[in-house]
Amino acid sequence: MTTDMRHAQFETLPDGDAVAARMAELFIDAIQKRPGERIRIALSGGSTPKKLFSILAKPEIAKKVDWKRVEIFYGDERHVPVGNADNNHTTATTLLLSKVPVPDSQIHAMPTSGEVQEDAAQYQRIMEASYGNKTLEKGRPFFDLVMLGLGTDGHTASLFPGEPVLDEKSAWVSVSSPKTAPHARLTLTYPAIASSREIVFLVTGENKVPMLRRLREGDSSIPSGRIVSEGKILVLADRAATGEPS
Ligand code: 6PG
């Protein structure tokens, strides 16, 4: 089964806090529904997931997760050093990963200290080692959960309009040099993101209205509109992002 955006599910929630709370439920469920299994999750970047990270770090919530079974990856990373406020791993570490007992060996930051293409190749090797194969197998998805954001230009992860990475059909990780956002970046490719049991988009704020509308239509002219999954796709949006009157 392959799900595309025309067959995605959508949930509208009152505000960003409600979106984060609902995503926390889905995050916990993705782990609890596969007891004893190693769970691979790709975190999204940018600002939207910050509320989610803070919720998951709360002791009364964190205790619901068997963190030793969780393996953390990233959907993309700005090619700036860890410690830079624009670095997604820095954000996730500060708000969540420094507060919960995921084994360090199971937290896979995208490398940002080398040449960007080599860093991308190195991340693919890290993913291959975790997966145990150099080829993604249909029916054995790499990710249990992929979190994605939506940019105001229709990008997701660092799959930006006009970038060569949009045509990548085999590599799992590649690079992007967007004209509409700062920094060179590493990003998961469409094939890597498709190797998933579940993809959840987090979309909040009225600045996302135009692109959320196009995403819901499955508009393949925007990068996010071309996302597919072996499993299911869910879009969590707050009312502001839908343009509906509150
Ligand atoms: C990144 C993200 C990117 C992000 C969108 C939305 O590293 O920039 O992965 O895809 O999810 O740009 O960003 P906001 O959540 O800040 O609106």
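Each chain carries its own residue numbering, running from 1 in the direction its sequence is written. Thresholds applied to this predicted model are a pLDDT of at least 70 for local features of residues and 80 or more for the giving and counting of side-chain atom pairs; totals over whole chains, interfaces and linings are not thresholded and use all residues. Side-chain metrics in this entry use all non-hydrogen atoms of the structure; hydrogen atoms and water are not considered.

Trainee: What is the right way to look at the overall build of the protein chain in this model?
Mentor: Each helix corresponds to a stretch of at least 4 residues labelled H or I by DSSP, and each strand to a stretch of at least 2 residues labelled E; elements are numbered beginning at the N terminus. Each helix and strand counted, the protein chain has eight helices and 11 strands in total. All radius of gyration figures rest on C-alpha atoms, and the globule criterion is 2.2 Å times the number of residues raised to 0.38. Relative to its length of 246 residues, the protein chain is compact, with a C-alpha radius of gyration of 17 Å against a globular reference of 18 Å. Once the C-alpha set of the protein chain is aligned to its principal axes, its extents read approximately 45 × 45 × 40 Å. For the protein chain, the proportion of its 246 residues judged to be buried stands at 56%. Here, two residues are considered to be in contact whenever any of their heavy atoms come within 4.5 Å of each other. Across the protein chain, the fraction of contacts at a sequence separation of at least 24, relative to all contacts at a separation of at least 6, is 76%. Total accessible area on the protein chain is roughly 10500 Å²; 50% of this is exposed by carbon and sulfur atoms. Counting rule for charge: Lys and Arg are taken as positive, Asp and Glu as negative, and neither His nor the chain ends is counted. Charge positions come from single atoms, namely NZ of Lys, CZ of Arg, CG of Asp or CD of Glu. The protein chain carries 30 positive and 31 negative side-chain charges, and their two centres are separated by 3 Å. Type-normalised accessible area, obtained with a 1.4 Å probe on protein chains alone, sets the label of each residue: buried when under 20%, exposed when over 50%, and partly exposed for intermediate values. All accessibility values rest on the Shrake-Rupley procedure with a 1.4 Å probe; residue burial counts only the protein chains present in the view.

Trainee: Which parts of the structure should I look at to understand the confidence of the model for the protein chain?
Mentor: Residues shown with low pLDDT carry predicted positions that ought not to be read at fine detail. Per-residue confidence from the prediction method is given by pLDDT, with values spanning 0 to 100. Across the protein chain, the average pLDDT comes to 97, with 100% of residues at or above 70. No element of the protein chain has a lower mean pLDDT than strand β1 (residues 3–4), at 97, and none a higher one than strand β4 (residues 70–74), at 99.

Trainee: Got a minute to help me understand the packing of aromatic side chains in this structure?
Mentor: Any Phe, Tyr or Trp ring, taking Trp's six-membered ring, that has another such ring centre within 6.5 Å forms a pair; planes under 30 degrees apart are called stacked, those over 60 apart edge-to-face, and the others tilted. As enumerated under the stated definition, the model contains eight aromatic pairs in all. Members of the aromatic cluster, joined through ring pairs, are F73, Y123, Y131, F142, F143 and W172. By definition, being over a ring means that NZ of Lys or CZ of Arg is both within 6 Å of the ring centre and within 35 degrees of the ring normal. Seen from the ring of Y131, R140 lies directly overhead, with NZ or CZ sitting 3.8 Å from the centre.

Trainee: Teacher, can you tell me more about the pairing of strand β6 (residues 145–148) here?
Mentor: Looking along a regular strand, one sees the side chains alternate between the two faces of the sheet. What you see with β6 is no split at all: L145 and M147 on one side and V146 and L148 on the other are buried throughout. Any two strands are treated as partners once DSSP identifies two or more bridges connecting them. For β6 and strand β9 (residues 198–203), the ladder comprises three bridges, and the chain directions are parallel. The partner of V146 across the bridge, within β9, is I199.

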